[in-house]
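Coordinate inspection notes
One letter stands for each residue in the lines below.
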Amino acid sequence: MGYLLVFEMLPRNLINDRINLRSYKMWVLAQLVLLLSSGIIGIGFILASYFLALIWI
């Protein structure tokens, strides 16, 4: 009887693991997008301040 319970719970655990892995991948992708966009915005601010300094000085 215990074996039947293990084989019944195994597919359920595999489905839950797959859902958790998918949500983790989406979380990592979102973090990478935020990191890249903040880096691009930071470089833009640095370049803008550099060009403003060149114009004003």
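Given the structure is predicted, the values throughout are model-derived calculations rather than measurements.

Criteria and thresholds
- Residues numbered from 1 in each chain as written.
- Predicted model: local features only at pLDDT ≥ 70, side-chain atom pairs only at ≥ 80, totals over all residues.
- Heavy atoms only, no water.
- Helix = DSSP H or I, 4+ residues; strand = E, 2+ residues; numbered from the N terminus.
- Buried < 20%, exposed > 50% of the residue type's maximum accessible area, 1.4 Å probe, protein only.
- Patch = residues over 30% accessible without salt bridge, like charges linked within 9 Å, V, L, I, M, F, W, Y side chains within 5 Å.
- Areas by Shrake-Rupley, 256 points an atom, 1.4 Å probe, with all protein chains shown as cover.
- Salt bridge = Lys/Arg side-chain N within 4 Å of Asp/Glu carboxyl O.
- Phe/Tyr/Trp six-rings, centres within 6.5 Å; stacked < 30°, edge-to-face > 60°.

This part is about the overall build of the chain. A count of helical and extended segments in the chain gives one helix and zero strands. Counting only residues that meet the buried cut, the chain has 0% of its 57 residues in that class.

Together, Leu21, Tyr24, Trp27, Val28, Leu32 and Leu35 make up an exposed nonpolar region whose accessible area comes to about 630 Å². Relative to the helices and strands, leucine 35 resides in helix H1 (residues 2-56). Exposure remark for leucine 35: the relative accessible area of 57% places this residue in the exposed category.

This paragraph deals with the packing of aromatic side chains. Within this structure, the stated rule accounts for two aromatic pairs. Relative to tryptophan 27, the ring of tyrosine 24 lies with its centre 6.2 Å away and its plane at 25 degrees, an arrangement referred to as stacked. With tyrosine 24 and tryptophan 27 both in helix H1 and three residues apart, the pair spans about one turn of that helix.

Taken by themselves, the reported measurements are silent on function.
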